[in-house]
Amino acid sequence: MASDDIALLADALSKTHVGDGELSFKGLGLKLDDALSVEELVRDIEQFRGLRALRLEGNTVGVEAARAIAKALEDKDQLQRCYWSDMFTGRLRSEIPTALRSLGSALMTAGARLTELDLSDNAFGPDGVKGVEQLLKSPSCHSLKELRLNNCGVGIGGGKILAEALIDCHRKSLAHESPLRLRVFIAGRNRLENEGASALAKAFQLMGSLEEVHMPQNGINHAGVMALASAMRHNPDLRVLNLNDNTFTKRGTIAMAQALRHLRNVQVINFGDCLVRSEGAIALAAVLREGLPVLKEINLSFGEITEAAALVVAQAVRDKPDMEKMDLNEEGCDALREAMEKGDMLGSLSDDEGDPEKPQSSAEIMSFLSCPSAEKLLQLGETRTNVQQQVHASDPHTAAEILLKISSLYSEEPETKTAVLETIDAVLKKLLSGSDLSSYCFLSTLLVMMGLLKGEGKVKKVPLVPGQLLCLEHAVQQVYFPQHVALLLHTFTSRNSEALESCSSASERLSSTLEKKCH
């Protein structure tokens, strides 16, 4: 090494930070190619007693330099925190796994017990994950609390390798009666996609110890989101969930909402730019109403959420005591601000959905539902209320379809009117007696079929008749119809009145009744 280079290295090393068991070469911009280039750095490591943290980020380390550093680490059994992000700039991708294996092998030889490992911003791809695979499986990682692999180009293959390594580590650590309890997992911008995310979900579910999960920008769509949702519900201490810039759609969002119902410690939710859409937002609003008691921040921005759906979310969080930040979308700012300022807590429903009733339908009820008519309904007599056995909150599409069929039979003829309203009461009482989430999912489907909300998939809009709105107007006045559900319905009918123009008189009656119920 030239004398000028040695002088520059000496000057850089003089700026290293030493304290609290930490030796830092962070951000020095050192180009460390071979053993000679790291002589002084290695000497500092060797002479450091009680080394607990080593910062190498912001330098570039070659294979030979990594081997020399690794040799110095072989007796550092107290090392717990390795901050090794942005450490291979300008290196061939083929060099990085070899360098990582050397460093990992040294930690295992030393018998170090890591609590933090940060390898972010190293574009090493799946091969780089192979470079730390043995380390992650070893006793050196049984104690790992934080794993950061942000922006590493891990890919689907790397995600699967990483997942298997974590599962193996958990299995081995469990055998030693000190199970792996990873608290923080960060792996944004890694192109994990559905397969990688699903593989990691298995590891997350097994560990059950996560407090923070950050996986933004990974090309995950609803299948991967559903797998992650299933895993999250098994991590009761979860505080932060950041899946920004993936693609939830309705299916993924509802799955995530169902998982969040089981979590009591979540403080930050970031589903921004995730295409949660209005139906998904309504499902999340239900969970916000009945759970997530310590939530501080929620981001649903740029998710194709209408103003009405955004208002439903705002109304659900406005009285949360710890709420600090809500980011929805740019539409309806004035209305959202007003909703947040009202501070009027609405009534909540029981969290218990109960067990679905077994159908006890007769041939007459099935015949009626296949081709409904007022005559058939009257012929059912008192058994008509058994129609409610054919509706279940778990199938909101069928439930909404049945409700609209029955309510379309409404007329002012007294006997028919009584029969229709009694049946409607029985059906709605059942559908609205479960959790807020099940009620809101049913209502969002009903709104789609009524043309009041744009939905996903092939749900067809039903041509509306006045009787359907008049049945709702009746139901809203009943005890079983909660005020917050009426508020949701009012939010959409008042902002989509053009969809109800064909039933103007009935629409006005419904609007007036909703107004009274909500205020």
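As annotated in an unreviewed UniProt entry, the chain carries the name Ran GTPase-activating protein 1 and is attributed to Pogonophryne albipinna. On record in UniProt, under Subcellular location (unreviewed entry), the comment for the chain is "Nucleus".

S.K.: For this particular structure, what's the right way to read the overall build of the chain?
M.R.: Scanning the chain from N- to C-terminus turns up 20 helices and 14 strands. Looking at the chain as a whole, 55% of its 519 residues qualify as buried. Across the chain, contacts joining residues at least 24 apart in sequence account for 83% of those joining residues at least 6 apart. Counting only carbon and sulfur atoms, one obtains 47% of the accessible surface of the chain, whose full area is about 22100 Å².

S.K.: I keep staring at helix H3 (residues 63-73) and nothing clicks. Help me out?
M.R.: Within an α-helix, residues lying three or four positions from one another point in the same direction, as the helix has 3.6 residues per turn. Burial runs high along H3: eight of the 11 residues are buried. Burial in H3 covers these residues: Val63, Ala65, Ala66, Ala68, Ile69, Ala70, Ala72 and Leu73. Of the surrounding elements, those touching the buried residues of H3 are strand S3 (31-32), helix H2 (39-47), strand S4 (53-55), strand S5 (60-61) and helix H4 (95-110).

S.K.: In this structure, what is going on with the environment of threonine 253? I would like to understand it.
M.R.: Within the secondary structure, threonine 253 is located in helix H9 (residues 249-260). For the pair threonine 253 and histidine 222, spaced 31 residues apart in sequence, the C-alpha separation works out to 7.8 Å. Residues within four places of threonine 253 in sequence aside, it is in contact with Phe248, Val276, Gly280, Ala281 and Leu284.

S.K.: When you look at the nonpolar core in this model, what are you seeing that I'm missing?
M.R.: In globular proteins that are soluble, nonpolar side chains generally tend to be buried together. Core analysis: the largest hydrophobic core is formed by 168 residues, its most contacted members being Phe185 and Phe271. For this core, the leading source of residues is helix H17 (residues 436-449), giving nine residues. Residue contacts for phenylalanine 271: discarding those within four places in its chain leaves Leu241, Leu243, Phe248, Met256, Leu260, Val276, Leu284, Asn299 and Leu300.

Cut-off values and rules
- Residues numbered from 1 in each chain as written.
- Predicted model: local features only at pLDDT ≥ 70, side-chain atom pairs only at ≥ 80, totals over all residues.
- Heavy atoms only, no water.
- UniProt positions renumbered as here; feature names shortened; annotations may be inferred.
- Helix = DSSP H or I, 4+ residues; strand = E, 2+ residues; numbered from the N terminus.
- Buried < 20%, exposed > 50% of the residue type's maximum accessible area, 1.4 Å probe, protein only.
- Contact = heavy atoms within 4.5 Å.
- Areas by Shrake-Rupley, 256 points an atom, 1.4 Å probe, with all protein chains shown as cover.
- Core = buried A, V, L, I, M, F, W, Y, C linked by side-chain atoms within 4.5 Å.

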